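Fold and geometry: a report
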Amino acid sequence: MYEFGSEPTENDAPLCSTCSSLDLHAILHDGVPKEHAIPIGHLTDILNKSNQCGLCNLVAIVIRRAWNLDKLPDIDISDITCTLYAIECGYPNIPDYISAVRRDICHRLHIQTFDRPRDVTAAMVAAQSNLLLDIQLLGEDASKVGRTKELHGRRVGQNVDIALLKRWIHICEREHGELCETIWWRGTGDVLPKTMRVVDVTRMAVVRAPPSCRFVALSYLWGGTGEEYWTTRANIKQRRAQGGLDVSVLPSTILDTIQLVRQLGERYLWIDALCIVQDDSKDKAVQIGVMELIYGTSAFTIFAAGGTSAHDPLPGIRPGTRDPKQQIAKIQGLHLAVPLILPREAIASSAWDTRGWTYQELMLSRRRIFLTPHHDIWSEDVIAERINLPWASHPLKYGGAGGFTSVRAPPEWNNSTYMGHYMIIIGKYTQCRLTMESDIVNAVTALINAIAKGFKLAGGNPGQAFRFGMPIVDLELALVWQPTSNTSCVRRATGDGNMTLWPSWSWAAWRGAVQYSENGGSLVEQWHVVDDDGRLVPQDVRRTEANSSDIDAQTLITENAPLQPGTLIFRTRSAHFNATRADDVVGADPKANYATYSILSDVPRPSTLVGRVILPRSTNSPTYVNLLFWLYDEDTLGKRYLGCMLYVMAVQKMQDDKCMERVGVGVIFEHAWPNSTGEQKVVLLG
């Protein structure tokens, strides 16, 4: 009796009449072009036969998992038919004079469905699932179809394959050269601070990192505070001594990582909780300030992507901590398997992927080992295969995670391309959660530092290039962030003990996710920010045309003292408009925290729609909004419109009655401005 989904027995799985007519040896040797795909029946029939036919069972598993059918029971699949084809895996670019065996290294079976329900596609994109439905031959049987093991499947056991990990590391370091070794954003003078510590896993001590230290980094979830195992001023002296790192207080994730690092033949390991003195604010600031170098310089980073806290085991290091649930069937003498989920999909479904600090650790690491409950994954920006092997692509090349390391330094004449990367990074990062809300900027500082250095913003000085997470040189563009509809309307405090609020003009000031859209040119002459000493400092903001400032800094400071550090000061146009909640927005969620409001004018006739602005849903409707103009965009509504759109910021007075607070951002027709009761004014935006 064959048990489907279990470890394969020596006997072949039974097949239905349709599948028994397939010659899998020939298909996997010769391939089947997509245009000549072989019909294998209706999807409903395949699902019904899955407990009787080994191949139908594999097809059913692939489609059920990829389409998430168990969670979408009402999806209509009655008219969907399936075909089977087999194409080269890796798309080798080989001259015709190379033998066919070396040209066609590997074929994978692909299932093609005619039609795919819209809800299924949406769910697959959200889960970052593989849109291709495929079945692979295991490497152990590759010779049976005249192929080498490369690119075929492998068995995944309950324990991590240490030899395989070593092979991946060796290939990458020895054969990928500068592709994986160079840290493109790192300056020639960038070195790790002398105060940097690492865990010596041989001596079991927390020590100063030796010069040119080769070390491994760990990315994991704290899952709350961890005072019992942190390094503090009270225990740092003890931990410097051999054996001073008491293993009895270390949580499972850290203990297992130490064991893995030893097995891989490495000696030094960087773990934030152990290598940063957690109750020393100066030490913390130094280490956070060079986090991009720590993760970018590490030989590789181990990602504990299987747990919800540091107390969970590292999957696959100890027996019973990992169940790969690999689906394998022996069919016509060949072991076929459902490929394990892609790295990006495994990570997207993990608690680890929801946390703020881990995002920059992922983006900045050159080489990445992910340990999940299902399998161990190697991810890098090339692929852990020999460069001289004859294929131009690889089945996992675009299935990994991370990617900022794959960005390349821009040409000197065009360093403004960073804004696209910045907007994507902030959109993703603000979807993550933080245990301490006050860490909102700290937890992305490493990425911001890498951007500033790599794109040479403010001469490569991160402290001058960014304020409160916002790029100063392109501040006018950076201000056009919008909260997502379900974001809360709650301000964040800085965590300085005084409940000081972050400046409202920064996305860091508001809890929840934000997003960016396209933007245009400026209407503001000069931007200023109040620094920590209460001084008004002009900001070097990139401009579309040169203008001079007419703001009297000394008078402003004197008349409005004291002003909070971070207050943004600029002269612009201001006007009041009526606004009412729009009821014609397609797909709007009536329960969302933010809603779209129509900006109305009485010219040329009462209640003329002249723009839209996104405001907290709690805003009265109708209401009277104070709008500031600072950016224009000629292309928002296309060339058929005369003039252009102005970006507007809705503001309201803060409690001190001196400063304004950002409430929302929208757009308005340029021609509506001359008809409003607008004025030029100096704005103090807190």
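Before going into details, it helps to say that this report is about the structure given with it. Everything quoted here is computed from the prediction, not taken from an experiment.

Describing the nonpolar core
Within the largest apolar cluster, 117 residues are counted, with the highest numbers of intra-cluster contacts made by W270, Y422, M470 and W507. Of the residues forming this core, the biggest block, seven residues, is contributed by helix α16 (residues 418–429). When residues no more than four places from it in sequence are discounted, the contact partners of W507 are Y422, I426, Y429, T430, I440, V444, G469, M470, W481, R492, V514 and Y516.

Description of the side chain of S506
Relative to the helices and strands, S506 is located in the loop between β16 (481–483) and β17 (514–516). Judged by its relative accessible area of 0%, S506 falls in the buried class. In this structure the side chain of S506 is engaged in a polar contact, spanning 2.7 Å, whose partner is the backbone oxygen of F468. Engagement of the side chain of S506 in a polar contact is seen with the backbone nitrogen of A508, the distance being 3.0 Å. Setting aside anything within four residues of it in sequence, one finds S506 in contact with F468, M470 and W481.

Considerations on the environment of V59
Turning to its location among the elements, V59 is positioned in helix α4 (residues 54–67). For the pair V59 and L133, spaced 74 residues apart in sequence, the C-alpha to C-alpha distance is 8.4 Å. What V59 contacts, discounting residues up to four positions off in sequence, is I46, I111 and I135.

Quick notes on the pairing of strand β5 (residues 197–200)
A two-sided burial pattern is seen for β5, the buried positions comprising R197 and V199 on one face and V198 and D200 on the other. Relative to strand β6 (residues 205–208), β5 runs antiparallel, the two sharing four bridges. In the strand pairing of β6, V199 is matched with V206. Between the antiparallel neighbours β5 and β6 lie four residues, among them M204 with a positive phi of about 50 degrees.

Notes on helix α7 (residues 162–175)
Helix length check: α7 (14 residues) gives 20 Å between terminal C-alpha atoms against 20 Å at 1.5 Å per residue, within 8%. Here α7 has its buried residues at I162, L164, L165, W168, I169, I171, C172 and E173. Here α7 starts with a cap whose side-chain oxygen sits 3.3 Å from the backbone nitrogen of A163, and that cap is D161. Note on α7: the residue one or two positions beyond its end, G177, has a positive phi of about 55 degrees.

Concerning the environment of N578
Here N578 lies in strand β21 (residues 568–581). Given a relative accessible area of 35%, N578 falls into the partly exposed group. N578 sits 22 residues away from L600 along the chain, and the two C-alpha atoms are 5.3 Å apart.

Here we look at the pairing of strand β23 (residues 608–616)
Two strands pair when backbone bridges link them, and strand β22 (residues 594–601) and β23 are joined in this way by eight bridges, in the antiparallel orientation. Among the inter-strand pairings, A595 is bridged to a residue of β23, identified as L615. Between the end of β22 and the start of β23, which pair antiparallel, lie six residues, with S607 showing a positive phi angle near 60 degrees. Summarising the sheet, β23 and strand β26 (residues 660–669) pair through three bridges and their orientation is antiparallel. Within β26, the position partnered with G611 by the bridge is I668.

The rules we used
- Residues numbered from 1 in each chain as written.
- Predicted model: local features only at pLDDT ≥ 70, side-chain atom pairs only at ≥ 80, totals over all residues.
- Heavy atoms only, no water.
- Core = buried A, V, L, I, M, F, W, Y, C linked by side-chain atoms within 4.5 Å.
- Buried < 20%, exposed > 50% of the residue type's maximum accessible area, 1.4 Å probe, protein only.
- Helix = DSSP H or I, 4+ residues; strand = E, 2+ residues; numbered from the N terminus.
- Contact = heavy atoms within 4.5 Å.
- Polar contact = N/O pair within 3.5 Å; in protein donor to acceptor, adjacent residues only side chain to side chain.
- Pairing = 2+ DSSP bridges.
- Expected span 1.5 Å × (residues − 1).

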